[in-house]
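If you want the building blocks of each chain, they are given just below.
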Amino acid sequence: MVIDVRDLRMRYGSVDVLHGVDFTAEQGEVVALLGPNGAGKTTTIEILEGFRLPSAGHVRVLGVEPAKGDEVWRAKLGVVLQSWRDHARWRVRELLDHLGRYYEPYGTPGRARPFPTDELISTVGLEEHAAKKVGKLSGGQRRRLDVAIGIVGKPELLFLDEPTAGFDPHARRDFHDLVHRLADLEGMTILLTTHDLAEAEKLADRILVLAGGRIIADGSPDQLGRQVAGKAEVRWTQDGRRHVHATDDATGFVRELFAQHDRGISELEVRRNTLEDTYLALVQRHESGQATEEEVAVL
Amino acid sequence: MNARTHAAKLGLRRGWMEFRHTLGSSDQFFNVLMGIAFLIVLWFQRDLTVPGTTVSLAALTLPSMLGMAVAFNGIVGPAGQLSMNREDGTLLRAKAVPNGMVGYLLGRVTQTSLDLLVTLLVVFVPGYLVVGGLSGVGVPEVLYLLVVLVVGMAATLPWGAVIGSLAKSPQGAMGFTMLPIMGVIAISGIFYPITAIPGWLQVVAQGFPVYWLGLGTRSALLPDAAAAAELTGSWRTLEMFGVLGVWAVLGFLVAPTILRRMARRESGSDMEQRRQAALQRGVG
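Conventions we followed
In this numbering scheme, every chain counts its residues from 1 along its sequence in written order. In the order they appear in the text, chains get letters beginning with A and ligands get numbers beginning with 1. Whole-chain, interface and lining totals are the exception, using all residues; otherwise, since this is a predicted model, local features are given only for residues with pLDDT of at least 70 and side-chain atom pairs are given and counted only at 80 or more. Note: side-chain values were computed over all heavy atoms of the structure, leaving out hydrogens and water. We call a set of buried residues a nonpolar core when its members are Ala, Val, Leu, Ile, Met, Phe, Trp, Tyr or Cys and they connect through side-chain atoms within 4.5 Å of each other. Each residue gets one of three labels from its accessible area relative to the maximum for its type: buried under 20%, exposed over 50%, partly exposed in between, using a 1.4 Å probe on protein chains only. Elements are defined by DSSP. Helices are runs of H or I of four residues or more, strands are runs of E of two residues or more, and each kind is numbered from the N terminus. Working rule for contacts: check all heavy atoms of both residues, and any pair within 4.5 Å makes them a contact. Only strands joined by at least two bridges in the DSSP assignment are considered to pair.

A. Structural view of the nonpolar core. Formed by 58 residues in total, the largest nonpolar core has its most connected members in L96(A), L145(A), L160(A), I190(A) and V209(A). In terms of residue count, helix 6 (residues 169-185) of chain A provides more of this core than any other element does, six residues in total. With residues up to four places along the chain from it excluded, the contact list for I190(A) reads E29(A), V30(A), V31(A), L158(A), L160(A), V179(A), L182(A) and A183(A). The next biggest cluster of nonpolar side chains, apart from the first, holds 55 residues, and it includes V123(B), L145(B), L149(B) and L201(B).

In structure tokens:
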């Protein structure tokens, strides 16, 4: 198991940000941590990176408690944070080469470290900007450099905190390809945070929904989708009055409806809930504090 | 190869690269302005003699300026850079890389030392021409000067790092260092012999490294007769190394703990908060 988190709690002063987070990640898995702003995504990831001490709970990353991780452990991790503005005066190639060299002593016969600099530059599509100063890069280029620095040490586990913020659709597509390649070819385990559901669906083997300081859903996009597929909303007008009914079996309900009223039904609409609707509903329920422990959906 | 030694080598290289980056940048404006300002001071002092000696005031001020530059670069430089690097994420980046902190800190020390070298040259070379030479300065004197400079760096650099670790923002770090240091310089006998200020201020000044650094550089470059203008009429070599040594030892005792604490606390969300604060100040 690459990540093992049990009953993770975090409290800032008197405010509880995480109340008992549980999840695991296996080698080679791409896991998306999804949730609204302020749900505790960044806090969770920072605890796993060893940048923040948890208030309580059992946390193991590559078999080590992050707070006690040494440099050998550190060398197996890749970190991409939300905002970097560092090394503005360095040139792209120069910086990537410099940071890569710190990983040289940590190479193993099965895993040469770091990635060759030029190969990495073309992997993230920065060939034309290799000689540019980092401070002169555009937002998207800068982000691609951040990702390149995150993977330069050929990590076994990569953390990506909102990696595609500020990407145009094309850059986003390239980035998705890159994530797939890293997971498939290098066997990298990847934990990424996002609040873009479509992105999570496209990238992740498994989606974790974090809201109100808890994991409220944990499953593959397929499982999430199947659970949602049943739910639908039927709307119709009968004798000038508008009706709405939520049902798990829209087809059966409509058949029944027509069996009972052979005329007078008009403006019939059957609307399937999208993944997004369920996600939003889930999050809203948990944020407004209506959810009880039993309701927590393990998909 | 040992990973730590490897990172240390990368740190030296890093310092050299960062130094090269500053060479062509606007950072050098400050050096040029300072060089010109000091030159003007020396120009006006060139015909004055220090009371009780035959040495010109300019000849006294020039070595003092070198000592002052060490204290200034040693404290203001690291304080500003460290607080800046906390805000822009350089430190966090160093933390995310194996032994990156070793590389970062050694890089900073290297860069600060090279920066100081440039400042010393900018102050010394034109000043030397105005003063018209320093008599009796040979290889032993220059070596002795180097020793004083290195001890001076050791006495000030850790404190710059401490201030940079504690300050909430680069502006805060500047506020903590610039004005107090200017004040200390004013009473430390850099631009005029310390004997000219009231006794109680002399006592205050002798508590700080700036006075002793100036005394040390003067003792290295001036003829022994010039000691007559000093307090007690001597170079007080033992006391000079003693006080600078105490500052150095205390600094090296305190700084690692504070640096470690700062580094441990550094996280992405803190950085983001500082970034937001910087944006609100309108400098992001």
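After that view, the rundown keeps rolling.
B. Quick peek at the pairing of strand 10 (residues 232-238) of chain A. Residue and element names in this part refer to chain A. Strand 10 sits mainly inside the fold: five of its seven residues count as buried. Sheet topology note: the strand 10/strand 11 (residues 241-247) ladder contains seven bridges and is antiparallel. Residue W236 lies in a different strand from strand 11, and its bridge partner there is H243. Relative to strand 12 (residues 265-272), strand 10 is paired through six bridges, and the arrangement is antiparallel. In the sheet register, V234 faces strand 12, and the bridge partner there is V270.

C. Broad picture of unusual backbone geometry. Residues and elements named next belong to chain A. Here the bond from R113 into P114 is cis, since omega is -10 degrees, no more than 30 degrees from zero. With respect to the helices and strands, P114 occurs in the loop between helix 3 (92-101) and helix 4 (117-123). With a phi close to 50 degrees, L62 is a non-glycine residue in the positive phi region. Relative to the assigned elements, L62 resides in the loop between strand 4 (56-61) and helix 2 (71-74). For E162, which is not a glycine, the phi torsion comes out positive at approximately 45 degrees. Assignment of secondary structure puts E162 in the loop between strand 6 (157-161) and helix 6. Among the residues examined, E162 registers a relative accessible area of 15% and is labelled buried.

Take it as geometry only, folks, not as evidence of what the structure does.
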